[in-house]
Amino acid sequence: MKRKLIILGSALGIIIIAFMLAGFFASQKEAPKINKPSVAKKTVLTHPVAYEKLNTEIVTYGRVETAQSLDLLSEVSGRMFQGSVKLKEGQSFKKGMLLFYVDDEEIQLNLKSQKSNFLRDLAGILPDLKVDFAENFDTWQEYFNALDLEKSFGELPKVKSNKEKTFLATKGIYSSYYAIKREEVRLGKHRYYAPFNGSFTQVILQSGSFVNEGSNIGKIIRKGVHELKVAVETKDVSWIISNAEVEVYSEETQQSWLGNVARISDYVNQNTQSIDVFIAIRPNGNRIYDGQFLQAAIPSRTITNGMIIPRNAIYNGDEVFIVQDSVLKVKPVKILRLTDENAIFNGLEEGTNLVIEPLIGAYNNMLVEKREQRDIDLELREERESQENGGEIQAVNKVGS
């Protein structure tokens, strides 16, 4: 028994001595250094805030419309025939040319019959005029002698007394005269002359067709007078200057024109949900076609104190990031105008380092490193010069070989 106790005590003593020695040697070993992880800084593109006078414009697109188009409607009935030009779509004509006419033989005969009756009635009262109204007889005699059945009757002589007027009225002179003038007007409606230089855009009835009053024969447009109808968002309409000079451009034909803001619609177009603005295009010799698709740059009001930045650098409608002591700060700004790609603002102190690129995951008080636009421009220029020099060296080597 005594022997077991001695063995247990010896084993316990050995264990205690081993722990003590392990602790001693561990205290003699130097503790490893703990390296704190470095904080990664985001690089952001900045530009110093600088305000200037900005001439803004609204770039939009639209189709050319003729400034004047007319529907050809017949005002009388009868057989219709083409005039001095063919009734064909695309056919051009000059101002004053006969476009079409409606057979007028019957109305001409009726008009001559009425004129003959008027001459008979007037000849019958000339003796009475000579006796009762001698002071005006010579005037009536000259008027009677000048009348020609083949020509339009001139105005009646002016009467010199109420008694003379009553005498003429009771003899039916006035009613006969104005019946003739009515028929002359109606006869003139049988022929339609071109009111301007233009062309046919639509022809519905051909020569020889029978037409009634109101029949649509076709449609004509005026040459050399065009308008560009463009859609402008409602938020931009207030920026447009009335009668402002506009540059109109065709990307397809590489041609350009100048024009002016002719008028602005006062209602929203239900198809585009925008306001229609009409630009009168000035002719300059370049051919322009009805229905052609063109681009317009409409100058708008000048901003006296503003700065342009990319629109995607604006957050929450009116906030931007600036860099202050290597830390991002959120600052509110005053938005003066928004376009599809850019924003114009003020409200920051000039010289402030403004972030001009969109940031993902950025937040207030975030550590960053700023990189200004001029640094990027310098790198691009150095890279371009390097490429050009490399190209020259290759060319020299090629020549030498």
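In what follows, the structure referred to is the one given above.
On a predicted model such as this, the values are computed, not experimentally measured, just so you know.

A word on the packing of helix H2 (residues 105-132) against helix H3 (residues 134-146)
H3 packs onto H2 with a crossing angle of 155 degrees between their chain directions and a minimal axis gap of 8 Å. As far as their axial angle goes, H3 and H2 are roughly antiparallel. Taken as a pair, H2 and H3 cross one another with a handedness that is left-handed. For the pair H2 and H3, contact is made by Phe118, Leu119, Leu122, Ala123, Leu126, Leu129, Lys130 and Asp132 and by Ala134, Phe137, Trp140, Gln141, Tyr143 and Phe144, respectively.

A look at the packing of H2 against helix H5 (residues 173-188)
Remark: H2 packs on H5, axes separated minimally by 10 Å, with the N-to-C direction vectors making an angle of 160 degrees. Taken together, H2 and H5 sit at an angle that is classed as roughly antiparallel. Relative to H5, the crossing made by H2 is left-handed. The segment H2 lies against H5, with Ile107, Gln108, Asn110, Leu111, Gln114, Lys115, Phe118, Asp121, Leu122 and Ile125 engaging Ile173, Ser176, Tyr177, Ala179, Ile180, Glu183, Glu184, Arg186 and Leu187. Taken together, the residues of the contact of H2 with H5 break down into 10 nonpolar, four polar and five charged.

A closer look at the sheet that holds strand E6 (residues 98-102)
On the basis of which strands lie adjacent, the open sheet formed by four strands has the order E7-E6-E4-E9 and antiparallel pairing. Each of the sheet's edge strands pairs with one partner strand only, and the pair in question is strand E7 (191-193) and strand E9 (210-211). Looking at chain direction, strand E4 (residues 78-82) and E9 are connected through two bridges and run antiparallel. Looking across to E9, one finds that Gly78 is bridged to Val211.

With respect to the sheet that holds strand E8 (residues 198-203)
Taken in spatial order, the four strands of this open sheet run E3-E10-E8-E5, and their pairing is antiparallel. Each edge of the open sheet is held by one strand with a lone partner, namely strand E3 (69-73) and strand E5 (92-93). Bridging between E3 and strand E10 (residues 216-222) involves five bridges; their strand directions are antiparallel. Residue pairing for E10: Asp71 is matched across the bridge by Lys219.

Definitions and cut-offs
Residues numbered from 1 in each chain as written. Predicted model: local features only at pLDDT ≥ 70, side-chain atom pairs only at ≥ 80, totals over all residues. Heavy atoms only, no water. Axes fitted to C-alpha atoms, helices over the stretch in contact; angles between N-to-C directions. Helix = DSSP H or I, 4+ residues; strand = E, 2+ residues; numbered from the N terminus. Parallel < 35°, antiparallel > 145°, perpendicular 65-115°, else oblique. Left-handed = near helix turned anticlockwise from the far one by under 90°. Contact = heavy atoms within 4.5 Å. Nonpolar A, V, L, I, M, F, W, Y, C, P; charged D, E, K, R; others polar. Pairing = 2+ DSSP bridges.

Interpretation in functional terms is not warranted from these geometric data alone.
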